[in-house]
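# Remarks on the overall topology
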Amino acid sequence: MSEQAPREAAVHDVIVLGAGPVGQNAADRARAAGLSVAVVERELVGGECSYWACVPSKALLRPVLVVADARRVDGARQAVTGRLDTGGVFARRNRYVSDWDDSGQARWVKSIGADLFRGHGRLDGPRRVTVTGDDGARQTLTARHAVAVATGSLPVLPDLPGIEEARPWTNRQGTDSGTVPARLVVVGGGGVGVEMATLWQGLGSQVTLLVRRRLLPRMEPFAGELVADGLREAGVDVRIGTQVTALRRPDPAGPVTLTLHDGSELEADEVLFATGRTPATHDIGLDTVGLTPGSWLDVDTTCLVQGVEGEWLYALGDVNHRALLTHQGKYQGRTAGDAIGARAAGRPLDDGAWGDHATTADQHAVAQVFFTDPEAGAVGLTAEQAAAAGHRVRTVDLDFNAAQGANLYADGYRGHARLVIDRDREVLLGVTFVGSGVSELLHSATIAVAGEVPLKRLRHAIAPFPTVSEIWLFLLAAYEREKAMS
């Protein structure tokens, strides 16, 4: 269909490009500040997280982890027979993604008083956005105060011979497939890679995980090692130090063959690449405001894009490359929405170290968790990162079986915890937990790191007996012993 001339411009205080969780939070806070808001979405309202990432992956992983936990408890393991009901697991996933129907989330956007525009939004100069619908019709929107880019990121596929012929999976096929491949190769040892390996092995695939260096490279080394051990125990063929050099799939309905760096070959029914993300900014009109299409957007602590005159363009979530995590993006959306409201009202911004309009958590308290078996969660800096940043560091390490609560949680509980401590200020710089159920411990660590709680006060936060969280008591006691001996 030929492109139609744009309709008369609609004027709003704020335009948000992207109606995922990040854009929704920004829109909500801008509306709370009394601003009129237009939200533009080219796919499903709710974005990647709601339909092809966090929500479906966790809906699928939960049955796998529940069964694994049950098999670690005497009396319960005897009741666990047979394999998971994959039909039931897929049905559960479908419920949580609303069968990929976004009408409920679209209603929410409208319920806050924002206007929803469906189509591909592109910047068209300062404070202008052109929206092209599926029918080719175009409408121009104008923002009085701000445009917030929250378009997310896209999976990166390596430039390998045969990559197009192989038709590899990305996170999307890995979370929306309704069939279980007999043999699945997962390439990449980051969060997506290890979760997809955990998931599909649990659903019945024979999974091979190919990793260049180590698993979970942004976490403490022991985290990747323990997750690798857990994957191997589940039956995954984990190959570290392995690279793919080529692929071929001459029969679209047949298997895919991977050629590895040593010349060997590996055949599978599907291959999933989890090898990084790129910003979804290649076709949103960045060139019309002096920025480079396809680039990450550099922002200040209020998520205001740098290098654009007029203080009107914001970049939230994945596109600013600060922390490619949904919860961090939502946090940025809330912060930026408040900043936009303050600037629109002519109020001075409180953007200091603890200010309401500064994304301070992006610098020192980013929390992340991966739902593998065992789970791996961390917040703040690793020991290596803290030392590189110039801190005088002391680490405290303990296995979880030091805590009786962990041993009651699972027979033979295996896991490890580390505190990274600033020796000069005696506050936590980072915490890492690996073990069953540790995802629910992570927020206590996040509060301690984000709030810079002194250790002499933290020791008065008593963990109830007998819970897995007792590990805090033993970690802090170990620190006191080590300090007394030094």
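## Overview of the overall build of the protein chain
On a plain count of helices and strands, the protein chain comes out with 16 helices and 21 strands. Against the compact-globule benchmark of 23 Å for 486 residues, the protein chain has a radius of gyration of 24 Å, which places it among compact chains. Each principal axis of the C-alpha atoms in the protein chain carries an extent, and together these give about 70 × 60 × 40 Å. Within the protein chain, the fraction of its 486 residues that count as buried is 51%. Long-range pairs, those at least 24 residues apart, make up 64% of the contacts in the protein chain between residues at least 6 apart in sequence. When the 49 positive and 59 negative side-chain charges of the protein chain are each reduced to one mean point, those points stand 3 Å apart.

## Details of the packing of aromatic side chains
For any pair of aromatic rings, the description rests on two quantities: the centre-to-centre distance and the angle between the ring planes. Under the definition given, this model contains 7 aromatic pairs. Measuring from centroid to centroid gives 6.2 Å for Phe90 and Trp200, while their planes differ by 45°, and the two rings are tilted. Here Phe90 is found in helix H4 (residues 86-96), whereas its partner Trp200 is found in helix H8 (residues 191-202), with 110 residues between them in sequence. Among the residues examined, Phe90 registers a relative accessible area of 7% and is labelled buried. Overall, Trp200 belongs to the buried group, its relative accessible area being 0%. Taken together, the aromatic side chains of Phe400, Tyr409, Tyr413, Phe433 and Trp472 make up a single cluster linked through ring pairs. The residue whose ring lies beneath Arg172 is Trp52, and the NZ or CZ to ring-centre distance is 3.6 Å.

## Some details on the pattern of salt bridges
Enumeration over the complete set of coordinates arrives at 26 salt bridges. Salt-bridge contacts for Glu43 lead to Arg172; the nearest nitrogen and oxygen are separated by 2.9 Å. One end of the pair, Glu43, is in the loop between strand E2 (37-41) and helix H2 (47-52); the other, Arg172, is in helix H7 (residues 171-176), and 129 residues separate them in sequence. Residue Glu43 is classed as partly exposed on the basis of its relative accessible area, which comes to 32%. Between Arg414 and Glu233 there is a salt bridge whose closest N-O contact spans 2.3 Å.

## Considerations on the pairing of strand E17 (residues 367-370)
Judged from the 4 bridges that link them, E17 and strand E18 (residues 375-380) form a sheet pairing that is antiparallel. By the bridge assignment for E18, Phe370 is matched with Ala376. What sits between the antiparallel neighbours E17 and E18 is a turn of 4 residues.

## What to know about the side chain of Glu470
Examined against the element boundaries, Glu470 turns out to sit in the loop between helix H15 (455-458) and helix H16 (471-485). Comment: no salt bridge for buried Glu470; closest opposite-charge side chain is Arg481, at 13 Å. In this structure Glu470 touches Ala403, Gln404, Gly405, Ala463, Pro464 and Phe465, once residues within four positions along its chain are discounted.

## Observations regarding the sheet that holds strand E13 (residues 265-268)
Read from one edge to the other, the open sheet built from 3 strands follows the order E11-E12-E13, with strand pairing classed as antiparallel. Either end of the sheet is taken by a strand with one partner, and the two such strands are strand E11 (244-248) and E13. This sheet shows a mean twist of 25° between the axes of neighbouring strands, independent of strand direction. With 4 bridges joining them, strand E12 (residues 256-260) and E13 adopt antiparallel strand pairing. Across the sheet, the residue bridging to Leu258 is Leu266, located in E13.

## Brief notes about the pairing of strand E4 (residues 120-123)
Relative to strand E5 (residues 128-132), E4 runs antiparallel, the two being bridged by 4 bridges. If you follow His120 over to E5, its bridge partner there is Thr132.

## What about the packing of helix H1 (residues 21-32) against helix H10 (residues 326-344)?
Closest axis-to-axis distance for the H1/H10 pair is 7 Å, and the angle between their directions is 25°. As the angle between them shows, H1 and H10 are arranged roughly parallel. For the crossing formed where H1 meets H10, the hand is right-handed. Residue-level contacts link Pro21, Val22, Asn25, Ala26, Arg29 and Ala30 of H1 to Thr326, Gly329, Lys330, Gly333, Arg334, Gly337 and Asp338 of H10. Counted by class, the contact of H1 with H10 contains 4 nonpolar, 5 polar and 4 charged residues.

## Notes on the sheet that holds strand E21 (residues 427-435)
A sheet is described by the order of its strands in space; here 5 strands give the open sequence E17-E18-E21-E20-E19, paired in antiparallel fashion. Looking at which strands have only one partner, the edges of the open sheet turn out to be E17 and strand E19 (393-399). Pairwise comparison of adjacent strand axes, ignoring direction, gives a mean angle of 10° for this sheet. Set on the sheet, helix H9 (residues 221-234) makes contact with E18, E19, strand E20 (416-422) and E21; between it and E21 the angle comes to about 10°. Strands in contact with H16 are E19, E20 and E21; relative to E19, the strand with the most contacts, it is inclined by about 130°.

## Let's talk about the environment of Thr360
One can find Thr360 in the loop between H10 and helix H11 (361-364). Take Thr360: its relative accessible area is 19%, and that puts it in the buried class. Measuring from C-alpha to C-alpha, the distance between Thr360 and Glu265 comes to 47 Å, with 95 residues separating the pair along the chain.

## Digging into the state of the cysteines
One pass over the full model with this rule turns up 0 disulfides. Free of any disulfide, Cys303 has its nearest neighbouring cysteine sulfur in Cys49, separated by 17 Å.

## Quick notes on the environment of Glu440
For Glu440, the position within the fold is in the loop between E21 and helix H14 (442-450). Using a relative accessible area of 70% as the deciding quantity, one classes Glu440 as exposed. Glu440 sits 71 residues away from Val369 along the chain, and the two C-alpha atoms are 9.6 Å apart.

## Focus on the environment of Val66
Here Val66 lies in helix H3 (residues 54-70). Counting along the chain gives 370 residues from Val66 to Ser436, while the straight-line C-alpha distance between them is 10.0 Å.

Rules of the game
Residues numbered from 1 in each chain as written. Predicted model: local features only at pLDDT ≥ 70, side-chain atom pairs only at ≥ 80, totals over all residues. Heavy atoms only, no water. Helix = DSSP H or I, 4+ residues; strand = E, 2+ residues; numbered from the N terminus. Rg over C-alpha atoms; globule rule 2.2 N^0.38 Å. Buried < 20%, exposed > 50% of the residue type's maximum accessible area, 1.4 Å probe, protein only. Contact = heavy atoms within 4.5 Å. Lys, Arg positive; Asp, Glu negative; His and termini not counted. Charge placed at Lys NZ, Arg CZ, Asp CG, Glu CD. Phe/Tyr/Trp six-rings, centres within 6.5 Å; stacked < 30°, edge-to-face > 60°. Lys NZ or Arg CZ within 6 Å of the ring centre and 35° of its normal. Salt bridge = Lys/Arg side-chain N within 4 Å of Asp/Glu carboxyl O. Pairing = 2+ DSSP bridges. Axes fitted to C-alpha atoms, helices over the stretch in contact; angles between N-to-C directions. Parallel < 35°, antiparallel > 145°, perpendicular 65-115°, else oblique. Left-handed = near helix turned anticlockwise from the far one by under 90°. Nonpolar A, V, L, I, M, F, W, Y, C, P; charged D, E, K, R; others polar. Disulfide = S-S within 2.5 Å.

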